[in-house]
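The lines below spell out each chain.
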Amino acid sequence: MSKQLDIMYEGAFCYPIHLEQSFDRFIEHYRSLEGANHKKVCIVTDSDVANLYLNEMIKICKNQFFDVISFIFPSGEASKNLDTVEKLYLKLINNRFDRKDLLIALGGGVVGDLTGFAAATFLRGIDFIQVPTTLLSQVDSSIGGKTGVDFSRFKNMVGAFYMPRMVYMNTAVLYSLPQVQFQSGMGEVIKYGLIKDAAYYQWLKDHKESILALDDATLEEMIYISCKTKKAVVEEDPKEHGIRAHLNFGHTIGHAVEKLSDFSLYHGQCVAIGMGAAAYLSSVNHGMVSAVYEDILRTIESFGLPTKVAGYDAKAILEATKSDKKMDGGQINFVVLDSVGEAVIDKSYNDEMLLDAIGTILE
Ligand code: GLY
């Protein structure tokens, strides 16, 4: 069953999100976009996704575009940098791409963020389409126009807000997704329930068996509700001046763990660990009863996600947390919960309180 959500920007239609169960309707939906007359397309993807879906996308695109080329980079966070962007620029220049041409990001969060950044900056901006192929990119990173790459030691430090022309999701790709990547996406899915929608959090717990069994209808419903939640947040605060920061729940300490693990842990696993620490602070300082904190930990774990890490030093995690970009005048913008579904930002945490929270995630 197809589903569509439209993302608005400053009150006007900006781009559609299509949920489909194959790539078959890609060109049909592309043709319904205003100004759908791009001449050339470059499909940007990584080495893993290229093996699975690139040939199919090339074949589909050849029905529409005069020239279809591809750019493949090695999969993984280590490629998410300006060197890869430079190689992509050169490929576009060598193939005489201009502003009437199009990029397609076929892959997970790294592919989407990097392609979006290249699209935002090449010739001061060319169109791009997101075709997210992981659960995490379908429910989160392909929506809302955040693009960028890592720089030096810093994650997502260089980037731009730049909106795609369309987001096309084929939920059938999730059957070929490694289990650990599916679990990683569940970290962001659970986050939506925790920050914004207590009924959705309960729904996730009630549907755990069918979610883990990858039941079509349940997955589609779960992705749809997650995208609707993200839509509501990014429409209200597209450039993260306020409520969009709630999406960073679990990310402050999560990013620090991700960085210290040298990206050997998946993003959603680190977010899960960070959500555990943030839920702890919510129970200590924000009136969340400790039974709810325990319930959050058990729920995260029931989807195969970790709530603890071994082998890290609490002070190193604290230092990495403070070097993250989610700071405001030297204070950490920490997202906590007043209750499930009610996120708030608290800037009052000092080192001692943060070390206390970090202590709860160390094995
Ligand atoms: N992934 C967080 C955001 O889009 O703001």
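Every value quoted in this text rests on a predicted model; they were computed, and no experiment measured them. (Residues numbered from 1 in each chain as written. Predicted model: local features only at pLDDT ≥ 70, side-chain atom pairs only at ≥ 80, totals over all residues. Heavy atoms only, no water.)

## Let's talk about the site of the ligand
Surrounding the ligand, one finds Asp-140, Lys-146, Lys-230, Glu-240, Arg-244 and Leu-247. Interatomic distance of 2.5 Å between a side-chain N/O atom of Lys-230 and an oxygen atom of the ligand. In this structure, an oxygen atom belonging to the ligand sits 2.7 Å away from a side-chain N or O atom of Arg-244. In the complex, 88% of the free accessible area of the ligand, which totals 200 Å², lies under the protein chains. (Near = heavy atom within 4 Å. Polar contact = N/O pair within 3.5 Å; in protein donor to acceptor, adjacent residues only side chain to side chain. Areas by Shrake-Rupley, 256 points an atom, 1.4 Å probe, with all protein chains shown as cover.)

## Things to note about the sheet that holds strand E9 (residues 166-170)
The sheet built from 7 strands is open, its strands ordered E1-E2-E9-E6-E5-E3-E4 with mixed pairing. One side of each edge strand has no neighbouring strand; the edge strands of this open sheet are strand E1 (3-9) and strand E4 (67-73). Across this sheet, the average inter-strand angle for adjacent strands is 20°, counted without regard to direction. The sheet contact formed by strand E3 (residues 40-46) and E4 spans 7 bridges and is parallel. (Pairing = 2+ DSSP bridges. Helix = DSSP H or I, 4+ residues; strand = E, 2+ residues; numbered from the N terminus. Axes fitted to C-alpha atoms, helices over the stretch in contact; angles between N-to-C directions.)

## Focus: the packing of helix H11 (residues 267-285) against helix H12 (residues 290-302)
For the pair H11 and H12, interaxial distance at closest approach is 9 Å and the crossing angle is 175°. Taken together, the axis directions place H11 and H12 in an arrangement best described as roughly antiparallel. Here H11 contributes Ala-272, Met-275, Gly-276, Ala-279, Tyr-280 and Ser-283 to the contact with H12, which in turn contributes Ser-290, Tyr-293, Ile-296, Leu-297 and Ile-300. Its residues placed into classes, the contact of H11 with H12 shows 8 nonpolar, 3 polar and no charged. (Parallel < 35°, antiparallel > 145°, perpendicular 65-115°, else oblique. Contact = heavy atoms within 4.5 Å. Nonpolar A, V, L, I, M, F, W, Y, C, P; charged D, E, K, R; others polar.)

## Quick word on the pattern of salt bridges
Here the structure, examined in full by the defined rule, presents 17 salt bridges. Its salt-bridge partner being Arg-25, residue Glu-28 comes within 2.7 Å of it at the nearest N-O pair. Owing to a relative accessible area of 44%, Glu-28 belongs among the partly exposed residues under this scheme. With relative accessibility at 29%, the residue Arg-25 sits in the partly exposed group. With a shortest N-O distance of 2.5 Å, Glu-240 and Lys-146 are connected by a salt bridge. Taken together, the residues Glu-240 in the loop between helix H9 (216-236) and helix H10 (251-260) and Lys-146 in strand E7 (residues 146-151) connect sequence positions 94 residues apart. The class for Lys-146 is partly exposed, based on a relative accessible area of 34%. (Salt bridge = Lys/Arg side-chain N within 4 Å of Asp/Glu carboxyl O. Buried < 20%, exposed > 50% of the residue type's maximum accessible area, 1.4 Å probe, protein only.)

Any functional reading would require information beyond the geometric quantities listed.
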